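# Geometric and topological summary
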Amino acid sequence: MKVIDSIRKAKTPLFTFELLPPKKGGKIDNLYQTVNDLVEFEPSYINVTYHQHEIEYYERGDGLMEKKVVQKRPGTISISSALYNKFKIPVVPHLICGGFTKEETEDALIDLNFLGFNNILALRGDPVSGQKRFKPEPGGHVHANELVSQIVQMNRGQYLNPNLKNTTASDFCVGVAGYPEKHYESPNMETDIYWLKKKVEAGADYIVTQMFFDNAKYFHFVEKCREAGIQVPIIPGLKPISTFKDIDMIPRAFYIDIPNELCQEVGKCKTREQVRQVGVEWTAQQAMELKRYGVPALHFFTLSQSDNIRKIAARVF
Ligand code: FAD
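What follows deals with the overall build of the protein chain. Across its full length, the protein chain carries 11 helices and 10 strands. Along the first, second and third principal axes, the C-alpha atoms of the protein chain reach 65 × 60 × 45 Å. A buried classification covers 49% of the 317 residues belonging to the protein chain. Within the protein chain, counting contacts between residues at least 6 apart in sequence, those at least 24 apart form 74% of the total.

Across the six residues that make up strand S5 (residues 91-96), a large majority, six, are buried. Along S5, one buried face is formed by Val91, Pro93 and Leu95 and the opposite face, lined by Val92, His94 and Ile96, is buried too. By the bridge criterion, three bridges tie strand S2 (residues 45-48) to S5 in an arrangement that is parallel. Opposite Ile46, over in S5, you have Val91 as the bridge partner. Bridge count for S5 against strand S6 (residues 119-123) is three bridges, and the pairing is parallel. Considered in S6, the bridge of Ile96 is made with Leu123. The parallel pair S5 and S6, bridged by helix H4 (residues 102-114), forms a crossover whose chirality is right-handed.

Here we come to unusual backbone geometry. Despite not being glycine, Glu42 has its phi angle at roughly 55 degrees, a positive value. Counting through the fold element by element, Glu42 comes out in the loop between helix H2 (29-38) and S2. Under the relative-accessibility criterion, Glu42 is labelled exposed at 65%. Here the phi dihedral of Leu303 falls at roughly 50 degrees; this positive angle occurs in a residue that is not glycine. By the element assignment, Leu303 lies in the loop between strand S10 (297-301) and helix H11 (307-316). A relative accessible area of 45% places Leu303 in the partly exposed class.

The strand order S1-S2-S5-S6-S7-S8-S9-S10 describes a closed barrel built from eight strands, whose pairing is parallel. On average, each strand axis in the sheet is inclined to that of its neighbour by 30 degrees, with strand direction left out of account. Strand direction decides the pairing type here: strand S9 (residues 234-238) and S10, joined by two bridges, are parallel. Considered in S10, the bridge of Leu238 is made with Phe300. Against the sheet, helix H6 (residues 189-202) makes contact with strand S7 (173-178) and strand S8 (206-211), and its axis sits at roughly 180 degrees relative to S7, the strand it touches most.

Moving on, we get to the site of the ligand. Taken together, the neighbourhood of the ligand is formed by 26 residues, with Tyr50, Asp126, Tyr179, Asp192 and Lys199 sitting nearest. Contact between the ligand and Arg124: an oxygen atom at 2.8 Å from a main-chain N or O atom of the residue. Measuring from an oxygen atom of the ligand, one finds a side-chain N or O atom of His143 at 2.8 Å. Protein contacts shield 87% of the accessible area of the ligand, which totals 980 Å² for the unbound molecule. Broken down by secondary-structure element, the contributors of at least two residues to the shell around the ligand are S5, S6, helix H5 (144-155), H6 and S8. In terms of residue class, the shell around the ligand is built from 11 nonpolar, nine polar and six charged.

Criteria and cut-off values
Residues numbered from 1 in each chain as written. Predicted model: local features only at pLDDT ≥ 70, side-chain atom pairs only at ≥ 80, totals over all residues. Heavy atoms only, no water. Helix = DSSP H or I, 4+ residues; strand = E, 2+ residues; numbered from the N terminus. Buried < 20%, exposed > 50% of the residue type's maximum accessible area, 1.4 Å probe, protein only. Contact = heavy atoms within 4.5 Å. Pairing = 2+ DSSP bridges. Right-handed = clockwise from strand over helix to strand, strands pointing away. Axes fitted to C-alpha atoms, helices over the stretch in contact; angles between N-to-C directions. Near = heavy atom within 4 Å. Polar contact = N/O pair within 3.5 Å; in protein donor to acceptor, adjacent residues only side chain to side chain. Areas by Shrake-Rupley, 256 points an atom, 1.4 Å probe, with all protein chains shown as cover. Nonpolar A, V, L, I, M, F, W, Y, C, P; charged D, E, K, R; others polar.

Take a look at the structure:
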């Protein structure tokens, strides 16, 4: 089922979560286990992230370094297909602009269509590690709104090659990303929402947000989006703090604030288990307040671990 149809049908917020493909060499069994652990809470759909290649440098032994392009977490489309076939729960593969020409994007869309997917989360992707700015592939999309347009064109049966005959129209429901604390490249929230609206005008059916730890940020963001004329559902993304390192890493990696009260609670912890419990408590409180507010769904960034999300889901759903 399409995400937008699940949202329309639901009377209470949906439970949804995101998985990361395992690192190269890893097995899919851990993902299966994560889903098995969460299946009793009846997830409406499961997202699978897409990871662009990264640049790594190796010592050659002659004093020089060799540059190699590596993909650390391949397999988004095949993993999505395996998950769907095993659990029969709708899967939302992520598709990014980075690393794709428009033709390669079209091929990925054709694969997804063949495999029976009708949901995609359309994203630009971050700069490749070691690069400061996002660099599109020559002949690729620069921003997510262009990717949304390409998907919508295929939904109308319009492919890149005008000579194709019998072009089948796809039927993808498209989600896009939104940032309650604004995207880090945007000069201000208004500009970021202006571009977010362009993604919706291009055909996005719903928005799913970056994680946040203070619900006031989400409420304010929704208000600003509505004022700007964005009417589609805005799904909050939540991640429980799970390690001591998260307090340093999350603001650097995602350009978001962690409230002082949460930092202090983590500061009192002596063990990793205590940190995970603080994270569970905080996110459960966030989720319950968001549920009372009437959000369309609660979307959890699991990092493919289920113990903490299970505890939260047991309290909220
Ligand atoms: P865009 O919508 O293109 O926006 C990027 C920036 O450009 C913003 O500052 C925006 O205001 C501005 N902008 C947008 N359109 C235009 C335009 N037409 N002209 C000028 N400026 C514009 N990354 C991955 O690599 N893989 C994933 O699987 C993944 N999953 C994610 C899931 C969620 C829920 C979220 C919130 C993020 C995810 N990301 C993922 C991260 C995302 O790719 C990055 O945040 C990226 O930096 C921006 O992606 P975007 O789709 O929001 O880009």
